Each structure stands twice: as structure tokens, then as C-alpha cells.
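Close look at the chain arrangement
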Amino acid sequence: MSAIIDATLFVSVFATLIIIQSPVSNAPIFLALTRGETREQQKRGAWVATGTSLLIVTTFGVFGRYILQALHISTEAIQLSGGVLLFLVAMQLLNEDGKDPDSPAISRVSAALVPLGTPLLGGPGAIVAVMLGVNQAGGSLARWVAVAAGVLAAHAVVWLSLRFALEISRFLGDAGITLLTKIFGVLLGAIAVQMVMEAVFTFIRTSGIAG
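None of the values given here were measured: they were computed from a predicted structure. (Residues numbered from 1 in each chain as written. Predicted model: local features only at pLDDT ≥ 70, side-chain atom pairs only at ≥ 80, totals over all residues. Heavy atoms only, no water.)

Some points on the confidence of the model for the protein chain
Considering every residue of the protein chain, the mean pLDDT works out to 82; 89% of them sit at 70 or more. Across the protein chain, the element-wise mean pLDDT spans from 78 in helix H4 (residues 75-95) up to 91 in helix H1 (residues 7-21). Predicted confidence for residues 99-106 stays below pLDDT 50, and this span has 7 contacts to residues more than four positions away or in other chains. (pLDDT = per-residue confidence, 0-100. Helix = DSSP H or I, 4+ residues; strand = E, 2+ residues; numbered from the N terminus. Contact = heavy atoms within 4.5 Å.)

Re the nonpolar core
For soluble globular proteins, the rule of thumb is that nonpolar side chains tend to be buried together. Residues Phe30, Leu33, Leu116, Leu162 and Leu188 are the most contacted members of the largest nonpolar core, which totals 25 residues. If you tally residues by element for this core, the top one is helix H7 (residues 141-207), at 9 residues. Setting aside its immediate chain neighbours within four residues, phenylalanine 30 contacts Gln42, Gly45, Ala46, Leu116, Leu162, Ala165 and Leu166. Leu9, Ile56, Leu68 and Ala129 belong to the second largest nonpolar core, which has 18 residues in total. (Core = buried A, V, L, I, M, F, W, Y, C linked by side-chain atoms within 4.5 Å. Buried < 20%, exposed > 50% of the residue type's maximum accessible area, 1.4 Å probe, protein only.)

Quick look at helix H5 (residues 112-121)
Burial runs high along H5: 7 of the 10 residues are buried. Restricting attention to buried positions, one finds in H5 the residues Ala112, Pro115, Leu116, Gly117, Pro119, Leu120 and Leu121.

Observations regarding the packing of helix H3 (residues 39-71) against H5
Axis separation between H3 and H5 bottoms out at 8 Å; the angle between their running directions is 40 degrees. Relative to H5, H3 is oriented oblique. When the axes of H3 and H5 are compared, the crossing they make is right-handed. Residues Gly45, Val48, Ala49, Thr52, Ser53 and Ile56 of H3 lie in contact with H5, whose contacting residues are Ala112, Leu113, Leu116, Gly117, Thr118 and Leu121. (Axes fitted to C-alpha atoms, helices over the stretch in contact; angles between N-to-C directions. Parallel < 35°, antiparallel > 145°, perpendicular 65-115°, else oblique. Left-handed = near helix turned anticlockwise from the far one by under 90°.)

Regarding the packing of aromatic side chains
Throughout the structure, instances matching the rule amount to 2 aromatic pairs. Between the aromatic rings of phenylalanine 10 and phenylalanine 14, the centroid separation amounts to 6.0 Å while the plane-to-plane angle is 10 degrees, which identifies the pairing as stacked. You can see phenylalanine 10 and its partner phenylalanine 14 sitting in helix H1, 4 residues apart, about one turn around the helix. Seen in terms of ring centroids, tryptophan 47 and tryptophan 159 are 4.9 Å apart; in terms of plane orientation they differ by 40 degrees. Their pairing is tilted. Residue tryptophan 47 is found in helix H3, and its partner tryptophan 159 is found in helix H7; the two are separated by 112 residues along the sequence. (Phe/Tyr/Trp six-rings, centres within 6.5 Å; stacked < 30°, edge-to-face > 60°.)

Some details on the side chain of serine 161
Structurally, serine 161 is set in helix H7. For serine 161, the side chain forms a polar contact with the main-chain oxygen of valine 158, separated by 2.7 Å. Excluding residues that lie within four positions of it along the chain, serine 161 makes contacts with Pro23, Val24 and Ala27. (Polar contact = N/O pair within 3.5 Å; in protein donor to acceptor, adjacent residues only side chain to side chain.)

Re the pattern of salt bridges
Summed over all chains, the structure comprises 2 salt bridges. Linking aspartate 6 and arginine 143 is a salt bridge whose minimum nitrogen-to-oxygen distance equals 2.7 Å. You can see aspartate 6 sitting in the segment before H1 and its partner arginine 143 sitting in helix H7, a full 137 residues away along the chain. (Salt bridge = Lys/Arg side-chain N within 4 Å of Asp/Glu carboxyl O.)

Below, the structure written as C-alpha cells:
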């Protein structure tokens with residue numbers, strides 16, 4: 001009797017997504033983006049961010065190859081646009097004065113969608129990782145189950161990290177969250193620049209311009 005799930009592929013997909021999505025390091029960014037919200041709004045934001053990432057990586061995992069081919073979009077273009085978006089959000093975090101939680105600088109309604117749900121969690125790296133997992137699955141049911149289980153397990157960890165980040169916010173208070181907002185605004189800017197650089201260097205390498 002064949003195995004119901006390919007354990008090796010499950011571990012590979014799960015570990016790769018955890019490394020790329022880095023849920024623990026994204027938890028403070030979640031706190032910075034949702035400062036001023038009620039606990040219920042933050043709880044909903046944790047679900048929205050996790051669900052957004054899950055929807056994006058699942059959609060691209062199953063249909064990604066056809067979507068990119070139909071639109072003539074490269075993964076480098078997705079990565080570059082994601083980097084630019086992150087940089088704009090980083091600037092908003094650094095310029096926020098923290099006095100008005102309803103300030104439109106960063107929409108409290110959409111912060112869980114952008115930039116947390118995508119491109120921080122459901123970004124180019126996670127999309128490509130799942131697409132590779134789907135390619136490895138081929139026509140094997142056990143391997144398809146492994147990919148699906150790996151994606152779901154990784155997002156369960158993401159949700160837990162965001163959910164318990166809410167408890168940290170109570171301990172830090174407004175001053176602590178303000179400090180984290182500035183620190184992670186800088187770090188988010190660095191992540192954005194890194195994404196842009198990797199996209200540009202990958203394009204140069206694959207297009208043969210450097211040669």
C-alpha cells in the first residue's frame with residue numbers, strides 16, 4: 001500500500017516556506033502596522049494576512065505558470081514590483097508620527113493585505129517555492145497531498161506568530177510599538193532594496209547582459 005503523503009516533500013515545502021516567510025521576524029512588523037487597532041481588529045488582521053498569503057501562494061502554485069505565461073510576466077518582475085511596494089510602505093512607517101491611529105498614511109483596513117499578506121508573506125519567494133513543489137508533485141497523489149499539507153502547516157505557524165504578537169503589544173505599550181515602528185521601517189526598507197537588487201541581478205544573469 002502506497003503512502004498517503006510523501007513525507008520528504010512535505011518537510012521540504014514546509015521548511016522552505018517557513019524560511020522564506022519568516023513568521024517570527026514578521027510579527028513585529030505586524031504590530032507596527034496594526035498599532036492603534038483594537039484587539040478584535042488585530043485578531044481579524046492576523047486572519048486576513050494569513051488568508052491572503054495562503055490564497056496567493058495556492059493560486060500561483062496551481063495556476064501560476066499559466067498566469068505568468070498569459071500575461072508575459074517574469075518572476076523577476078513580480079519581485080521588483082514587490083520590492084518597490086515594500087519600500088513605499090517603509091517610508092510611510094518612518095514618517096508616521098503615531099498621534100493619529102486613523103491616519104490614512106497606512107490604511108488600517110488594508111495593512112494586513114498589503115504589505116503583510118503580500119508581498120511579505122505571500123511574496124515572490126513563497127510563490128516560486130510552492131510552484132516548484134507543485135512541479136515536483138507531478139501526477140502523484142501522495143506528493144500533491146504533501147505539498148498541500150506543507151503549505152497549510154506553514155501558514156498555521158504564520159497565524160500563530162501573528163496571533164501571539166498581539167499579546168506582545170500589550171506588554172510593549174504605545175511607546176514600545178512606536179519604537180518598533182521606526183526600527184522595522186528601516187529594516188523593511190532594507191528588505192525592499194534587497195528584493196529589488198536580487199530581481200535586477202537575476203534578470204541580468206538570465207538575460208546574458210553581463211556576458
